[in-house]
Amino acid sequence: MTWKMHRRSLPRVRPSRGRVEVGSTVSLVAGFRCEVVYLIQEPGRIGFAYGTLGGHPECGEESFLVEFDAGDVYFVITAFSRPGTWYARLAGPVGRWAQQRITDRYVAALRS
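Parameters and conventions
- Residues numbered from 1 in each chain as written.
- Predicted model: local features only at pLDDT ≥ 70, side-chain atom pairs only at ≥ 80, totals over all residues.
- Heavy atoms only, no water.
- Helix = DSSP H or I, 4+ residues; strand = E, 2+ residues; numbered from the N terminus.
- Rg over C-alpha atoms; globule rule 2.2 N^0.38 Å.
- Buried < 20%, exposed > 50% of the residue type's maximum accessible area, 1.4 Å probe, protein only.
- Areas by Shrake-Rupley, 256 points an atom, 1.4 Å probe, with all protein chains shown as cover.
- Lys, Arg positive; Asp, Glu negative; His and termini not counted.
- Charge placed at Lys NZ, Arg CZ, Asp CG, Glu CD.
- Pairing = 2+ DSSP bridges.
- Patch = residues over 30% accessible without salt bridge, like charges linked within 9 Å, V, L, I, M, F, W, Y side chains within 5 Å.
- Salt bridge = Lys/Arg side-chain N within 4 Å of Asp/Glu carboxyl O.
- Core = buried A, V, L, I, M, F, W, Y, C linked by side-chain atoms within 4.5 Å.
- Contact = heavy atoms within 4.5 Å.
- Expected span 1.5 Å × (residues − 1).
- Arc of directions from axis to C-beta.

## Remarks on the overall build of the protein
Here comes step 1: Scanning the protein from terminus to terminus reveals three helices and six strands.
Here comes step 2: When the helices and strands of the protein are placed in sequence order, the string is α-β-β-β-β-β-β-α-α.
Here comes step 3: Taken over the C-alpha trace, the protein has a radius of gyration of 14 Å; the compact-globule value for 112 residues is 13 Å, and the two agree within 12%.
Here comes step 4: Summarising its shape, the C-alpha atoms of the protein cover approximately 45 × 25 × 20 Å along the three principal directions.
Here comes step 5: Within the protein, the fraction of its 112 residues that count as buried is 31%.
Here comes step 6: Only carbon and sulfur atoms are counted for the fraction: they give 56% of the accessible area of the protein, which is about 6,900 Å².
Here comes step 7: Taking the average place of the 15 positive charges on the side chains of the protein and the average place of its 10 negative ones, the gap between the two points comes to 11 Å.

## Digging into the pairing of strand β6 (residues 72–83)
Here comes step 1: Across 12 bridges, strand β5 (residues 58–69) lies against β6 in antiparallel orientation. Its bridge partner being in β6, F68 is matched across the sheet by V73.
Here comes step 2: Here β5 folds back onto β6 in antiparallel fashion, the turn holding two residues, of which A70 has a positive phi close to 50°.

## Structural notes on the pairing of strand β3 (residues 33–42)
Here comes step 1: In this structure, strand β2 (residues 25–27) lies alongside β3, joined through three bridges in antiparallel fashion. Its bridge partner being in β3, T25 is matched across the sheet by E35.
Here comes step 2: Hairpin connection between β3 and strand β4 (residues 45–52): a loop of two residues separates the two successive antiparallel strands, and G44 in this loop has a positive phi of roughly 85°.

## Thoughts on a nonpolar patch on the surface
Here comes step 1: Taken together, the side chains of I46, F68 and V73 define a hydrophobic patch exposed on the protein surface, amounting to about 270 Å² of accessible area.
Here comes step 2: Within the secondary structure, I46 is located in strand β4.

## Let's talk about the nonpolar core
Here comes step 1: Core analysis: the largest hydrophobic core is formed by 14 residues, its most contacted members being W3, V26, L28, F48, Y50, F64 and Y106.
Here comes step 2: Among the secondary structure elements, those contributing two or more residues to this core are β3, β4 and α3 (93–111).
Here comes step 3: Leaving out residues up to four positions away in the same chain, F48 has contacts with M1, W3, H6, V20, V36, Y38, L39, E62, S63 and F64.

## Details of α3
Here comes step 1: The terminal C-alpha atoms of α3, which comprises 19 residues, lie 27 Å apart, in line with the 27 Å expected from a rise of 1.5 Å per residue.
Here comes step 2: Those residues of α3 lying buried are G95, T103, Y106 and A109. Projected onto a plane normal to the axis of α3, the buried residues spread over an arc of 120° and lie on a single side. When the buried face of α3 is taken as reference, the exposed residues oriented beyond 90 degrees from it are P93, V94, W97 and R111.
Here comes step 3: Among the structural elements, α1 (4–9), β4, β5, β6 and α2 (86–91) are those in contact with the buried residues of α3.

Structure below.
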């Protein structure tokens, strides 16, 4: 809930606040911005989701959830998006490939 995973995964992560809070924003790769839309803080589950803001090449949402179950820890990333710009539509499968590489980096950051 402090953007540490994102900072370990991506270059130039600039959050508006030190902790993840609803309404806070984060500037990611190439300055594309997202806004935190909800938090999950329940027994056995913690996480958040952000949605893309204007100017982002994709239009969508991504959530990051850590679940604890009987001594096991699970990290769940859920994302949905559609192209939000002409160049994202043009990128097609290359855009999906890039999104998968970023997800792989999130997982590697948490494993470390």
